[in-house]
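# A closer look at the structure
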Amino acid sequence: TISAEGHYEFIDVPQASYNLVIEKRGYGWRYLFNVDGTEELETVTLVREIRQAGVLDSYTEWPAYQHVVVTGTITVPGNGALLVDKGAVVRFDGNYRINGDGQINCFGSANDPVWFTSNTVGEYETQTYWAGINLSEAGTFKDVKMDYAKIALSVRSSTLTLERGVFAQINDTGIFASNESVVDI
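Below, the discussion takes up a nonpolar patch on the surface. Together, I2, Y8, F10, V13 and Y18 make up a nonpolar patch on the protein surface, roughly 580 Å² of accessible area in all. Considering the arrangement of structural elements, one finds Y18 in strand β1 (residues 18-22).

Phi at Y65 takes a positive value of approximately 70 degrees, unusual for a residue other than glycine. Along the chain, Y65 turns up in the loop between β4 (59-62) and β5 (67-76). Located in the positive-phi region is Q169, a residue other than glycine, with phi close to 50 degrees.

In total, this model carries four aromatic pairs according to the counting rule given. Aromatic pair F116 and F141: ring centres 6.4 Å apart, planes at 50 degrees, arrangement tilted. Here F141 lies in strand β12 (residues 139-147) and F116 lies in strand β10 (residues 114-118), a separation of 25 residues in the sequence. Grouping residues by exposure puts F116 and F141 together as buried.

Moving on to the side chain of S158. By secondary structure assignment, the location of S158 is in the loop between β13 (151-156) and β14 (159-168). A distance of 3.1 Å separates a polar side-chain atom of S158 from the backbone oxygen of L135. With residues up to four places along the chain from it excluded, the contact list for S158 reads L135, S136, E137, A138, S181 and V182.

We now examine the nonpolar core. Counting residues in each nonpolar core, the largest one holds 28 residues, and the members touching the most others are W62, I98, I104, C106, F116, I133 and F141. It is β5 that contributes the most residues to this core, four residues altogether. If we skip the residues at most four places from it in the chain, F141 touches I104, C106, F116, I133, L135, M146, L153, L160, T161, L162 and E163.

Conventions and cut-offs
Residues numbered from 1 in each chain as written. Predicted model: local features only at pLDDT ≥ 70, side-chain atom pairs only at ≥ 80, totals over all residues. Heavy atoms only, no water. Patch = residues over 30% accessible without salt bridge, like charges linked within 9 Å, V, L, I, M, F, W, Y side chains within 5 Å. Areas by Shrake-Rupley, 256 points an atom, 1.4 Å probe, with all protein chains shown as cover. Salt bridge = Lys/Arg side-chain N within 4 Å of Asp/Glu carboxyl O. Helix = DSSP H or I, 4+ residues; strand = E, 2+ residues; numbered from the N terminus. Phe/Tyr/Trp six-rings, centres within 6.5 Å; stacked < 30°, edge-to-face > 60°. Buried < 20%, exposed > 50% of the residue type's maximum accessible area, 1.4 Å probe, protein only. Polar contact = N/O pair within 3.5 Å; in protein donor to acceptor, adjacent residues only side chain to side chain. Contact = heavy atoms within 4.5 Å. Core = buried A, V, L, I, M, F, W, Y, C linked by side-chain atoms within 4.5 Å.

Written as structure tokens, this is what we have:
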């Protein structure tokens, strides 16, 4: 049932284990919860997704739980910074990349990692991979998940700090470092 405030309530559901998927066009991408009926599910707030391409402002923040759809290559300008907060989901809508001419810092948490992925997931032969993240300046990636990238992180003449990263379904290379780069894992 739906209350006057727009809240959903499920009643008289047999005791079992269920997967609850919540989605709404323009509001993120498949919020998935495992529900076993023994405890109440906390309030779920859907976050409106944003679409992003081109050169970012000198300081750009993608806040906690934000869903970002990358619709073209993104550049973090020199002397600029991109901050991606916990639970953010960055979905690439094609063979696009993020060029870090400025700093890129991602601060996920163990329960709410920052997730970089393809906007479309298909069979291996038809999968659309995103190009990756190129670092020319320092970058910190803490509690991140990266999948369906060609080269997830490419570090050129810069420093990468990676704490607790998960790389899956990578087409070519997880981390590529060149030109005297420093990678601290």
